[in-house]
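Fold and geometry: a report
Residue-level listing of the chains:
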Amino acid sequence: MTQICWVPHPINHIGISRLEDSGFTVIRGECPDDPALHSLITAAIFRSGKFTSTMMGQFPALKVIAVHGTGTDGIDLRAATEKGIVVLNTPGMNSRSVAEHAMALLFALAKRITIADQAVRNNEYTSVKYLGGFQEIMGMSLGVIGYGATGQILARLATGLGMTVRVFSSQPAETINLAGCIKAASLESLLRESDYVSLHAPSTPKTKHLINADRLALMKPGACLINTSRGALVDENALAEALRHGKLAGAGLDVFEQEPLPVDSPLMSAPNIILTPHTAASTESAMRNMALAAVQGILDVVNHQRPSFLVNPAVWPER
């Protein structure tokens, strides 16, 4: 029987080729409103947005949802498990790319790249050149919140540049110390002691607005915040206020609570902020790795093999 994989968002072509070589028909983009076609869809590769219980109900033969990335907060996991649908993700496949993007934002903030670029374009060459505020990275302190694959790579990059790296994580101090980093006693102490703070935590009810007005107030005067993880970690209104009042020197964000970022978001008019459109994981290498890992997970499931990165393990014996 024909098997169809629905791919609503673009993925690397090598993933599409692998699916087709394995006998799948691939539907890209919007799924046609054809119930007969829906009944043939056994797999989906999902990059962003919501995959609700109602959506799952439209595909009675759906066996597996492969998340193209790490975050599964957009997937109704309870509904998937109840319906016998396997959910898997692709952790680690984009970690290097995201860590490099976080470091790129750090450099851009330290060297005031966007401000300098606009100065040249606005014929303000000399005024910005002597304005000051440009920083060397060496000797600065970086606070890393979350010490998974991405946080670990960023920490290595930062220590290699001569930064002092403090980590807030549940991992033991011995593990963190062996990597040349310091385990922070608390989130609050990390915020107080860091010149730059980079977020690498998952989006859960506990981490929603982890960085709020009270915690922004703890940060060093002149510190910078970087978020390449999940938009829900940051209270965006509070961040915009902190930037407007000069509490922070800057911020670099690749993720937002609502994407695309609304044009009336307070972040749009906040000073000294760099905004990128969730592109940290969009390098060719990461896209290729995530596509291949998602496809491999789908092939494992349809061949009755447990996938490497099963998100809802309770579904496996009941699928």
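All values reported here derive from a predicted model rather than from experimental measurement.

**Details of the sheet that holds strand 12 (residues 273-275)**
One open sheet accounts for seven strands, arranged 8-7-6-9-10-11-12; its pairing is parallel. Pairing within the sheet leaves two strands with one partner each, and these edge strands are strand 8 (182-183) and strand 12. Inspection of the sheet shows strand 6 (residues 141-145) paired to strand 9 (residues 196-199) by four bridges, in the parallel sense. Residue pairing across strands places Gly 143 opposite Val 197, the latter belonging to strand 9. On the sheet, helix 8 (residues 149-160) packs against strand 6, strand 7 (164-168) and strand 9 and is oriented at approximately 175° with respect to strand 6. Lying on the sheet, helix 12 (residues 236-244) is in contact with strand 10 (224-227), strand 11 (250-253) and strand 12; it crosses strand 11 at an angle near 145°.

**Here we look at the environment of His 245**
With respect to the helices and strands, His 245 occurs in the loop between helix 12 and strand 11. Since its relative accessible area comes to 64%, His 245 is described here as exposed.

**Regarding the pairing of strand 6**
Of all five residues in strand 6, five are buried; the element is thus mostly enclosed. As defined by bridge partners, strand 6 adjoins strand 7 across five bridges and the pair is classed as parallel. From the neighbouring strand, Ser 141 faces strand 7, where its bridge partner is Thr 164. With helix 8 bridging strand 6 and its parallel neighbour strand 7, the resulting β-α-β unit is right-handed.

**Thoughts on the side chain of Asn 227**
Summarising the element assignment, Asn 227 is placed in strand 10. Asn 227 sits in the buried class, given a relative accessible area of 1%. A distance of 3.0 Å separates a polar atom in the side chain of Asn 227 from the backbone nitrogen of Ser 229. For Asn 227, the residues in contact, after removing those within four places along its chain, are Leu 199, Leu 233, Val 234, Gly 252, Leu 253, Asp 254 and Val 255.

Rules used throughout
Residues numbered from 1 in each chain as written. Predicted model: local features only at pLDDT ≥ 70, side-chain atom pairs only at ≥ 80, totals over all residues. Heavy atoms only, no water. Pairing = 2+ DSSP bridges. Helix = DSSP H or I, 4+ residues; strand = E, 2+ residues; numbered from the N terminus. Contact = heavy atoms within 4.5 Å. Axes fitted to C-alpha atoms, helices over the stretch in contact; angles between N-to-C directions. Buried < 20%, exposed > 50% of the residue type's maximum accessible area, 1.4 Å probe, protein only. Right-handed = clockwise from strand over helix to strand, strands pointing away. Polar contact = N/O pair within 3.5 Å; in protein donor to acceptor, adjacent residues only side chain to side chain.

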